[in-house]
Amino acid sequence: MARAADEPEAPAPTSGHRVAVFGGSFNPPHVAHVLAAVYVLSTEPLDEVLVVPVYRHPFSKELAPFEDRLEMCRLAFAWIPRVRVSPVERELGGESLTLRTLEHLRSTHPDWSMRLLLGADVIADLAKWHRFDRIAELAPPLFVGRAGVTIESAPEPMLPKISSTEVRDAIGRGESERVDKLVPREVLAYAAEHGLYRRS
């Protein structure tokens with residue numbers, strides 16, 4: 001996997017449990033999220049990918065209810081061995097901060113060797129993150145390239161260009177057929193059954 005220019009070197013191999021922490025809004029989870037997990041499990045020395053839906057977005061983005069996003073993540077990732085969906089940010093409560101979550105995981109799982117799985121599209125926003133320098137110490141990032149990202153330091157695209165915003169807009173207009181190849185079918189069925197993203 002290509003590294004962004006300012007990405008820290010990968011940690012030395014350890015005998016501990018090697019975990020890629022994959023946080024995000026997952027509003028809803030789509031196939032690029034699924035492909036990212038499969039890709040790093042296939043190409044990196046990892047034992048597990050831990051999918052962590054945010055509880056409350058730090059940039060005040062409006063999200064579907066946490067329990068719905070958690071269940072959609074379970075539906076999206078359930079078929080992939082060595083991927084686990086965690087409700088840890090619900091347990092922590094309040095505004096979700098990556099640093100707080102990683103520090104909690106480090107304290108509760110001191111044997112873990114963590115990496116932070118990120119799509120290349122977030123590179124431009126890292127300056128806004130709280131203490132990204134400390135985040136990178138706890139869990140050096142694994143950037144996965146995404147089509148449409150033009151940032152110079154971004155790795156080669158490996159993921160399709162899929163936007164959760166576009167998915168929500170299509171569902172809101174009643175045009176789910178436009179995204180039926182972009183979102184896991186179980187996730188689309190769940191969203192329809194629970195009336196998520198539909199405009200009143």
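Here, the structure is the one placed above.
As the structure is a prediction and not an experimental result, all values here were calculated from the model.

Structural notes on the sheet that holds strand S5 (residues 141-146)
Inference 1: With parallel pairing, the six strands of this open sheet are ordered in space as S3-S2-S1-S4-S5-S6. Edge positions in the sheet fall to strand S3 (83-85) and strand S6 (157-159), since each has one partner strand and no second. Neighbour-to-neighbour, the strand axes of the sheet open up by a mean angle of 40°, direction not taken into account.
Inference 2: Both strand S1 (residues 17-24) and strand S4 (residues 112-119) contribute to a ladder of five bridges, which runs parallel. Considered in S4, the bridge of Arg18 is made with Ser113.
Inference 3: The strands touched by helix H4 (residues 98-108) within the sheet are S1, strand S2 (48-53) and S4, with S4 carrying the most contacts at an inclination of about 155°.

With respect to the nonpolar core
Inference 1: With 39 residues, the main nonpolar core has Phe22, Val49, Val51, Phe77 and Val83 as its most contacted residues.
Inference 2: Only S1, helix H1 (31-43), S2, helix H2 (66-77), S3, S5, helix H6 (164-172) and helix H7 (185-193) provide two or more residues apiece to this core.
Inference 3: Considering every element that reaches this core, the biggest residue donor is H1, with seven residues.
Inference 4: Contact partners of Val51, with chain neighbours within four places excluded, come to Phe22, Phe26, Cys73, Phe77, Val83, Arg84, Val85 and Ser86.
Inference 5: Val52, Ala120, Ala136 and Ala139 belong to the second largest nonpolar core, which has 24 residues in total.

Examining unusual backbone geometry
Keep in mind that most residues, glycine aside, have a negative phi and that most peptide bonds are trans.
Inference 1: Following Asn27, the chain continues into Pro28 via a peptide bond in cis, with omega recorded as 0°.
Inference 2: Tracing the backbone through its elements, the reader meets Pro28 in the loop between S1 and H1.
Inference 3: The phi dihedral of Arg131 falls on the positive side, at around 55°, and the residue is not glycine.
Inference 4: Relative to the assigned elements, Arg131 resides in the loop between S4 and helix H5 (132-138).
Inference 5: By relative accessible area, Arg131 is classed as partly exposed at 41%.

Cut-offs used in this document
Within each chain, residues carry numbers counting from 1 in the order of the written sequence. Selection of residues for local features in this predicted model requires a pLDDT of at least 70, selection of side-chain atom pairs for listing and counting requires 80 or more, and totals for whole chains, interfaces and linings are taken over all residues. Remark: hydrogens and water are excluded; side-chain values derive from all non-hydrogen atoms of the structure. Each pair of strands is called paired provided DSSP finds at least two bridges between the two strands. Runs of H or I in DSSP of at least four residues are treated as helices and runs of E of at least two as strands, each being numbered from the N terminus. Axes here mean lines fitted to C-alpha atoms, for a helix over just the part in contact, with angles spanning 0 to 180 degrees between N-to-C directions. A contact between two residues is defined here by any heavy atoms of the two lying within 4.5 Å. We define a nonpolar core as any set of buried Ala, Val, Leu, Ile, Met, Phe, Trp, Tyr and Cys residues linked to one another through side-chain atoms lying within 4.5 Å. Categorising residues by exposure relies on relative accessible area from a 1.4 Å probe, with only protein chains included: less than 20% of the type maximum marks a residue as buried, more than 50% marks it as exposed, and the intermediate range marks it as partly exposed.

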